[in-house]
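Below, each chain spelled out in residue letters.
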Amino acid sequence: ILGANSSLSSSFPTNFLFGTASSSYQFEGAYLTHGKGLSNWDTFSHKPGNIADGSNGDIAVDHYHMYLEDIELMEYIGVNTFRFSISWARILPKGIFGDVNMAGIRHYDNLINSLLGKGIEPFVSLTHYDIPQELEDKYGGWLSSQVQKDFAYYANICFKYYGDRVKHWVTFNEPNVVAIRGYRSGIYPPARCSGSFGNCSSGDSEREPFIVAHNMILSHAAAVDIYRTKYQGKQNASIGIVMNAVWYEPISNSSEDRLAAQRAQSFYMNWFLDPIIFGKYPQEMKDILGSLLPHFSKDYFKKLKNGLDFIGVNHYTSFYVKDCLHSTCEQGPGISKTEGYYLRTALKNNALIGESTALDWLYIYPEGMEKMVIYLKNRYNNIPIFITENGLGVMNQPDSNVDSCLNDDKRIEYMKSYLDALLSAIRKGADVRGYFAWSLLDNFEWLSGYTIRFGLYHVDYLTLKRTPKTSAKWYKQFISNFTRFEDATSYHMLMKQ
Ligand code: GBH
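Definitions and cut-offs
- Residues numbered from 1 in each chain as written.
- Predicted model: local features only at pLDDT ≥ 70, side-chain atom pairs only at ≥ 80, totals over all residues.
- Heavy atoms only, no water.
- UniProt positions renumbered as here; feature names shortened; annotations may be inferred.
- Near = heavy atom within 4 Å.
- Polar contact = N/O pair within 3.5 Å; in protein donor to acceptor, adjacent residues only side chain to side chain.
- Areas by Shrake-Rupley, 256 points an atom, 1.4 Å probe, with all protein chains shown as cover.
- 1 Å grid on protein atoms, 1.4 Å probe; cavity = no way out; pocket = protein on both sides within 12 Å on 5 of 7 lines; lining within 4 Å.
- Sits in = over half its atoms within 2 Å of the grid points.
- Nonpolar A, V, L, I, M, F, W, Y, C, P; charged D, E, K, R; others polar.
- Core = buried A, V, L, I, M, F, W, Y, C linked by side-chain atoms within 4.5 Å.
- Buried < 20%, exposed > 50% of the residue type's maximum accessible area, 1.4 Å probe, protein only.
- Helix = DSSP H or I, 4+ residues; strand = E, 2+ residues; numbered from the N terminus.
- Points joined across faces, edges and corners; volume = space filled by probe spheres on them.

- An unreviewed UniProt entry lists the chain under the name Beta-glucosidase, from Lactuca saligna.
- For the record of the chain, the UniProt heading Sequence similarities (unreviewed entry) holds the text "Belongs to the glycosyl hydrolase 1 family."

Structure representation (structure tokens):
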């Protein structure tokens, strides 16, 4: 009925994970409950003018208190996994400068046990943008190399308490976005930037993103090292990182524009993945940045090479890219400097790539999903991939118009077309193991506050009531087709033995 095309769902590999995604700051609320410390996002969203509708995540969708009900919603859809993040400030309210908060430990313990009780696998990120404010105040957070030790300390606590039940760990959600938005354009905390990049009171947009990224890469390495030496033997989980992955399509077939698209990819994503997988930064970055780019010691190379078991891909959008190294580029209609800012060697051009949406960064181009996955497969030797986020956000409608929000055919069309493109990459041999819809519920959409809705469930922000949109029913149908065919496949295999 809902067009949850069964040949599409039946074609995904056996054991494929289908889930929904969330994050602590966007979902939990309970920002001071049971001893939680302040995070950088608490501090940032409480400053007037930072969030579009003047809102914050103090209550968010109150998932901290409503998680049992939310698990029932997941059970209704039939997902076999749930992606969430642990709030660092709930576990260590003062970071390394204070005690472990046992109430925080218990919360995620309960969440994990309740999920497993319903056959839903926890897929857990250690950070999703939010870190204890204390770390900013004491030493400048990601800017200081001290954060490496502190992140490893925190990661160890999570592995120790939850590692017996968690089979997929993620160190960072979108560290590229944290580095760029926190330290180049300065639009996310700690709001640092300089020059033509934005209007910050302090920072250095040319240099700091690279320092921050370096510290995040080494923090990732430290956590992976601890996991592999202390836990992996007995716990046997996979550990990976999640990147914001934009597909960059060259605007023409000229070799200049094709190289520009490659540079854009290196400066945006391979920036993290190359060091973690190959032990070194992409050559384009070294050539263009010179001494602006920190370097890794020999010791790092040995320790970190192959420093992940899977790549998590948050993929929503694609941009055209135009060369600005060999030709002069003027910014103009549709052509703009990206925040990614490939050191002035490429500009993005949004014209024509696909249908625009309520978000200025989201253009609908399903082909980008296939191209992205194949690109990763080829560059990183067919490493396992999870699509850790994909989805469509729409503008909040006046209360009188909830129905138009509930009938979200556009979201279904988006998901279908992107899943189709994903399947096509799988058929070409990509080792994709899961797909997470962003998001289970409408939630706090960072700078947009509650003005943008990404949920499969509608949330009434006055009553916190959750109502399924058509997309929730569609996803349910889609997954049940998948499960049915998956069972049929194993049944036939069994009969053949
Ligand atoms: C993800 O962020 C987040 O993980 C999630 O928390 C969020 O709710 C969800 O997506 C929906 O927004 O190339 O320089 O123009 C994605 C946010 C969108 C930020 C793409 C960077 C491109 C920057 N990102 N954007 S640029």
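Comments concerning the site of the ligand
Then, in step 1: Neighbouring the ligand are 23 residues, the closest being Gln26, His128, Glu389, Glu445 and Trp446.
Then, in step 2: For the ligand, an oxygen atom lies 2.9 Å from a polar atom in the side chain of His128.
Then, in step 3: In isolation the ligand has 590 Å² of accessible area, and contact with the protein removes 98% of it.
Then, in step 4: Here the ligand occupies the largest pocket.
Then, in step 5: The class makeup of the residues in the shell around the ligand is ten nonpolar, seven polar and six charged.

Describing the nonpolar core
Then, in step 1: Membership of the largest hydrophobic core comes to 160 residues, with the highest contact counts inside it found for Phe12, Trp142, Trp169, Leu422 and Tyr475.
Then, in step 2: Tallying contributions element by element places helix H10 (residues 208-235) first for this core, with twelve residues.

Considerations on the layout of surface pockets
Then, in step 1: Roughly 740 Å³ of volume is contained in the largest pocket.
Then, in step 2: Together, 36 residues line the largest pocket, and Arg181, Tyr188, Glu339, Asp360 and Trp361 are the ones closest to its centre.
Then, in step 3: Sorting elements by how many residues they give to the lining of the largest pocket places helix H9 (residues 175-183) first, with four residues.
Then, in step 4: When the residues that make up the lining of the largest pocket are grouped by side-chain class, the tally is 18 nonpolar, eleven polar and seven charged.
Then, in step 5: The computed volume of the second largest pocket comes to approximately 200 Å³.
Then, in step 6: Around the second largest pocket, the lining comprises 13 residues; the ones closest to its centre are Asp399, Arg453, His458, Asp460 and Tyr461.
Then, in step 7: Elements with a minimum of two residues in the lining of the second largest pocket: helix H15 (402-406) and strand S17 (457-459).
Then, in step 8: The class makeup of the residues in the lining of the second largest pocket is six nonpolar, four polar and three charged.

A word on the environment of Gln283
Then, in step 1: Mapped onto the fold, Gln283 is located in helix H12 (residues 283-289).
Then, in step 2: The spatial distance from the C-alpha of Gln283 to the C-alpha of Ser39 is 36 Å, given a sequence separation of 244 residues.

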